[in-house]
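Results of the structural survey
Read off the chains here:
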Amino acid sequence: MQKRPTYSIEAVDNALQLLQLLRDGGTLRLKDAAEELGVAPSTAHRLLAMLVYRGFAVQDETRRYVPGPAMGVGPAGLSWTRLLRSLAQPHMELLSAQLNETVNLMVRVGTKVRFLATVEGNNVLRVGDRQGTVMPANRTSGGKAMLAELEPHMLEQLFRSNNAEIGGDTIPDDEYPKFLRELESIRGNGFAANFEGTEDGVSALGMALHNRHGQVVGALSVATPATRFRAVFDAGLVPALKECCRQLEIDIVANPAEPD
């Protein structure tokens, strides 16, 4: 057990404790941060603001703090994500066997998506395992499907705020209207597509997953080599993925898989 240094600086120690809380818990409310440190909310707010400034934390659309880009990949050990992954696995296996393509499960944390699980198809030419990968939500099919269900002011906070600028997530003025139009189209269609938006030669189609309250808890996507995407789409990709999501959401409602 390490002894506390006699020369410790309280503010530094408090900031490090907040980093530990973010690392181990994955999300942190201002009220909880103040209680953990035994300080006033205003003090906790100033500390968290510095972590945001340095990229160690970002605020999501619920105003909770989550690990920022300087923290690296956020933790996967949240109990609800483990449950979601467990519930999704058999559905993903069935869909992958039906389409013989790669199926991914992902969740969104701020402006990023984290791939929780992958089931690969059997084709020699196929999209590989993405489990553990972190990608921009506005470039992945599943990420766009989840973003499409957010209110406009939430999207502004994620992609047009000071936090977005600090984290390098800002969508430029000339691209933002097109981005909003794409999300509107996704809401109308019920699915999102990614045509080589994250990787050359890879296309994907994604749909959001909802809990018993109708809130988005994740997304499923089917990824294919770009050269095969049209054939898979014409063969019934949308109805197959839609039915898979419907069946999985039945399990999610029966076994609540949602953030605290």
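Residues numbered from 1 in each chain as written. Predicted model: local features only at pLDDT ≥ 70, side-chain atom pairs only at ≥ 80, totals over all residues. Heavy atoms only, no water.

Okay, the overall build of the protein chain next. Along the protein chain, the regular secondary structure elements total 10 helices and 8 strands. Its C-alpha radius of gyration of 20 Å places the protein chain within 12% of the 18 Å reference for a compact globule of 260 residues. Reported as C-alpha extents along the three principal axes, the dimensions of the protein chain are approximately 65 × 45 × 35 Å. Counted over contacts in the protein chain with a minimum sequence separation of 6, partners at least 24 positions apart contribute 56%. Carbon together with sulfur atoms contributes 51% to the accessible area of the protein chain, which is approximately 13700 Å² in total. (Helix = DSSP H or I, 4+ residues; strand = E, 2+ residues; numbered from the N terminus. Rg over C-alpha atoms; globule rule 2.2 N^0.38 Å. Contact = heavy atoms within 4.5 Å. Areas by Shrake-Rupley, 256 points an atom, 1.4 Å probe, with all protein chains shown as cover.)

Most of strand S8 (residues 216-225) sits out of view: 9 of its 10 residues are buried. Direction of pairing for strand S3 (residues 102-109) relative to S8: antiparallel, over a ladder of 5 bridges. The residue of S8 that forms the bridge with methionine 106 is alanine 219. Of the strand pairs in this sheet, strand S7 (residues 202-210) and S8 are connected by 9 bridges, and their pairing is antiparallel. The residue bridging alanine 204 from the neighbouring strand is alanine 223, located in S8. The antiparallel pairing of S7 with S8 creates a hairpin that spans 5 residues between the two strands, and glycine 214 there sits at a positive phi of about 80°. (Buried < 20%, exposed > 50% of the residue type's maximum accessible area, 1.4 Å probe, protein only. Pairing = 2+ DSSP bridges.)

Overall, the coordinates contain 5 aromatic pairs when judged by the stated rule. Aromatic rings pair up to connect Phe191, Phe195, Phe229 and Phe233 into one cluster. The ring of tyrosine 176 has arginine 160 sitting right over it, with the charged end atom 5.2 Å from the ring centre. (Phe/Tyr/Trp six-rings, centres within 6.5 Å; stacked < 30°, edge-to-face > 60°. Lys NZ or Arg CZ within 6 Å of the ring centre and 35° of its normal.)

Turning next to the state of the cysteines. Note on terminology: a disulfide is the covalent bond linking the sulfur atoms of two cysteines. The final tally for this structure, using the stated rule, is 0 disulfides. The thiol of cysteine 244 is not disulfide-bonded; the next cysteine sulfur, from cysteine 245, is found 5.7 Å away. A residue is classified by how much of its surface remains accessible, and cysteine 245, at 4% relative accessible area, is buried. (Disulfide = S-S within 2.5 Å.)

All told, the structure shown has 9 salt bridges when counted by the stated rule. Across the pair arginine 126 and glutamate 120 runs a salt bridge whose closest N-O atoms are separated by 2.7 Å. With a relative accessible area of 37%, arginine 126 lands in the partly exposed category. When its relative accessible area of 31% is taken as the criterion, glutamate 120 is described as partly exposed. Where arginine 160 meets aspartate 173, a salt bridge forms, and the shortest distance between an N and an O atom there is 2.2 Å. Taken together, the positions of arginine 160 in the loop between helix H6 (152-159) and helix H7 (162-167) and aspartate 173 in the loop between H7 and helix H8 (176-189) put the pair 13 residues apart, joining distant regions of the chain. A residue is classified by how much of its surface remains accessible, and aspartate 173, at 58% relative accessible area, is exposed. (Salt bridge = Lys/Arg side-chain N within 4 Å of Asp/Glu carboxyl O.)

Contact pair helix H2 (residues 30-37) / helix H3 (residues 41-53): the axes reach a minimum separation of 8 Å and the direction vectors enclose 105°. Classed by the angle they form, the pair H2 and H3 counts as roughly perpendicular. Between H2 and H3, the contacting residues are Leu30, Ala33, Ala34 and Leu37 on the first element and Pro41, Ala44, His45, Leu47 and Leu48 on the second. When the residues that make up the contact of H2 with H3 are grouped by side-chain class, the tally is 8 nonpolar, 1 polar and no charged. (Axes fitted to C-alpha atoms, helices over the stretch in contact; angles between N-to-C directions. Parallel < 35°, antiparallel > 145°, perpendicular 65-115°, else oblique. Nonpolar A, V, L, I, M, F, W, Y, C, P; charged D, E, K, R; others polar.)

Right, let's talk about the confidence of the model for the protein chain for a bit. Keep in mind that low pLDDT regions are not for reading the predicted coordinates in detail. On average, residues of the protein chain carry a pLDDT of 87, and 91% of them reach 70 or more. Every residue in residues 1-8 scores below 50 in pLDDT, and together they form 1 contact with partners more than four places removed in sequence or on other chains. (pLDDT = per-residue confidence, 0-100.)

Within soluble globular proteins, side chains that are nonpolar generally end up buried alongside one another. One finds Met92, Leu95, Leu105, Leu205, Leu209, Leu220 and Leu241 to be the most contacted residues of the largest nonpolar core, which totals 30 residues. Of all the secondary structure elements, the ones that give two or more residues to this core are helix H4 (79-99), S3, strand S4 (112-119), S7, S8, helix H9 (226-234) and helix H10 (237-254). In terms of residue count, H10 provides more of this core than any other element does, 8 residues in total. When near neighbours in sequence (up to four residues on either side) are disregarded, leucine 205 contacts Ser141, Phe191, Ala192, Ala193, Leu220, Ser221, Val222, Phe229, Phe233, Leu237, Val238 and Leu241. Listed in part, the 22 residues of the second largest apolar core include Leu155, Leu158, Tyr176 and Ile186. (Core = buried A, V, L, I, M, F, W, Y, C linked by side-chain atoms within 4.5 Å.)

Once that is clear, we can look at the environment of asparagine 123. Of note, asparagine 123 is situated in the loop between S4 and strand S5 (134-136). On the accessibility criterion, asparagine 123 (22% relative accessible area) is partly exposed. Through-space distance from the C-alpha of asparagine 123 to that of glutamate 101 is 7.3 Å; in sequence the pair is 22 residues apart. Within the structure, asparagine 123 has its side chain in polar contact with the backbone oxygen of asparagine 100 (distance 2.7 Å). (Polar contact = N/O pair within 3.5 Å; in protein donor to acceptor, adjacent residues only side chain to side chain.)

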